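Here is what each chain is made of, one letter per residue.
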Amino acid sequence: MDFLDGMHLDVLKEIGNIGAGNAATSLSKLLSRRIDMNVPEVKLIHFDQLEMVVGGAENLVVGVYLEFTGDIQGTILFVLDRLSANNLLYLLIPNYSTKNESDFSPLECSALQEVGNILAGAYLGSISVLTGLSIKHSTPAFAFDMAGAILSVPMIEFGQMGEQALFIENVFIDGSNKIKGNFFLMPNIDSYPIILKALGVYKWHKE
Amino acid sequence: MAQRIKVGMADLNVVKSPGILVTLGLGSCVGIALYDEQVKVAGLSHIMLPSSKMIKNNQNKAKFADTAILLLIERMLAFGAKKDRLKAKIAGGAQMFSSTSNSNSLLKIGERNVISTLEVLDSLNIPVVGQDTGGNYGRSIELYAETGILLIKTIGHGIKEI
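First things first, this report covers the structure right here in the doc. Only a predicted model underlies this, so the values are computations on that prediction, with no experimental measurement involved.

Conventions used here
- Starting from 1, residues in each chain are numbered consecutively following that chain's sequence as written.
- Each chain gets a letter, beginning with A, and each ligand a number, beginning with 1, in the order they are written.
- In keeping with the model being predicted, local features are shown solely for residues with a pLDDT of at least 70 and side-chain atom pairs are shown and tallied solely at 80 or more, while totals for entire chains, interfaces and linings include all residues.
- Excluded from the side-chain calculations are hydrogens and water; all other atoms, namely the structure's heavy atoms, are used.
- Runs of E in the DSSP output that reach at least two residues are strands. Runs of H or I that reach at least four are helices, and both are numbered from the N terminus.
- Atoms counted for the radius of gyration: C-alpha only. Globule rule: 2.2 Å times residue count to the power 0.38.
- Here the term buried applies to any residue with accessible area under 20% of the maximum for its type, exposed to any over 50%, and partly exposed to those in between, with areas from a 1.4 Å probe on protein chains only.
- Here, residues are in contact when the closest pair of their heavy atoms is within 4.5 Å.
- Note that accessible areas follow from Shrake-Rupley with a 1.4 Å probe, and for residues the cover is restricted to the protein chains shown.
- This count recognises Lys and Arg as positive and Asp and Glu as negative, with His and chain-terminal groups excluded.
- Taken as the charge centre is NZ of Lys, CZ of Arg, CG of Asp or CD of Glu, depending on the residue.
- The rule for a salt bridge is simple: a side-chain nitrogen of Lys or Arg has to be within 4 Å of a carboxyl oxygen of Asp or Glu.

**A closer look at the overall build of chain B**
At step 1: The secondary structure content of chain B amounts to 2 helices and 10 strands.
At step 2: In chain B, the succession of helices and strands from N to C terminus is β-β-β-β-β-α-β-α-β-β-β-β.
At step 3: The C-alpha radius of gyration computed for chain B amounts to 15 Å, which stays within 12% of the reference 15 Å derived for 162 residues, consistent with globular compactness.
At step 4: Dimensions along the principal axes, computed over C-alpha positions, put chain B at roughly 50 × 35 × 25 Å.
At step 5: Counting over 162 residues, chain B shows a buried share of 54%.
At step 6: Long-range pairs, those at least 24 residues apart, make up 62% of the contacts in chain B with a sequence separation of at least 6.
At step 7: Carbon and sulfur atoms make up 50% of the accessible area of chain B, which amounts to about 7,100 Å² in all.
At step 8: With 19 positive and 13 negative side-chain charges, chain B shows a separation of 4 Å between the mean positions of the two kinds.

What follows is the structure, encoded as structure tokens:
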């Protein structure tokens, strides 16, 4: 990640910001209620610090995973803790009540996957509009397991480039229900120069 | 109280009895446990990728199955272990997300990590005496230097010892 300087991080942060804004709007429309969000954090995280991001490697979380392809490639991971997932399901499914604490029903998985799908579409859509690049994404995959195991999937992708991962992390908050989700947007290494070039900032970087 | 040492992602460590080596939340990564019963020296490596040969950025030897196993053996020899007495147990290599598109080899990385690990161990004539790999769930593992037991904990798939 040495080729990313402070300005590049700022640019990626702004992309994260705009994407998050669109994602919050989409989520808000889906749930028919106001959704607030924090200012996205763009961080380079070393493997060792990974656990802290998600409350410990053994913390049980929901992960919705998508891949995107086209002019740029990469992965998206949406991570929710159990409580937030339940609160989200309560808003999504009429007359919802949790029946099983240790697993999710097919309907519950499907609902959470759809949220991941909508958020990914909002993010990628804003990148596409900003850069003029064509991007499409896969259908979402679902997992409910240890945070370390779920996060290892994108970390391995980054493991091929270096010791650190770039996370664009957003937290969405619904005031009364505390839906907190972490959204990790991870273009692959070859995609960074393409994004930065499309935005006209790559040339400032000494090659 | 036995010493408990955590082994992070792309990391490895060695302890003598009664120490315990722990790795939390293995997904597609593979935990490679080596043990010398005679001197009760245990080593644990948490690898992320099958081979250092395909990748330019390969300075961290603990990240790849091929280089991590060699480094782990080297460290264990310094603790008095002998290479021809080492036995291996491996865990992990799951596929956390079922494939959404067949195109991406990343999703099968767990399987590739396991295959590469077994190949490297075989080439070094280290017998694999226990294996708990694959599936679609995460694992936390604890390696006991006193007994060589590898304890595997999962969420919803039970606890087992190998």
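**Let's talk about unusual backbone geometry**
Residues and elements named next belong to chain B.
At step 1: Geometrically, the link from Ser-17 to Pro-18 is a cis peptide bond, its omega value of 5 degrees lying close to zero.
At step 2: Despite not being glycine, Asn-125 has its phi angle at roughly 60 degrees, a positive value.
At step 3: Among the secondary structure elements, Asn-125 is positioned in the loop between helix H2 (109-123) and strand S7 (128-133).
At step 4: A relative accessible area of 69% places Asn-125 in the exposed class.

**Let's talk about the pattern of salt bridges**
All names here are of chain B.
At step 1: All chains considered together, the criterion is met by 6 salt bridges over all chains.
At step 2: Residue Asp-132 pairs with Lys-160 through a salt bridge whose shortest N-O separation is 3.0 Å. Here Asp-132 is found in strand S7, whereas its partner Lys-160 is found in strand S10 (residues 159-161), with 28 residues between them in sequence.
At step 3: Its relative accessible area of 6% is what places Asp-132 among the buried residues.
At step 4: A relative accessible area of 39% places Lys-160 in the partly exposed class.
At step 5: Note that Glu-142 and Lys-153 form a salt bridge whose closest N and O atoms lie 3.2 Å from each other. In this pair, Glu-142 sits in strand S8 (residues 139-144) while Lys-153 sits in strand S9 (residues 150-153), placing the two residues 11 residues apart along the sequence.
At step 6: Here Glu-142 falls in the buried class, since its relative accessible area comes to 6%.

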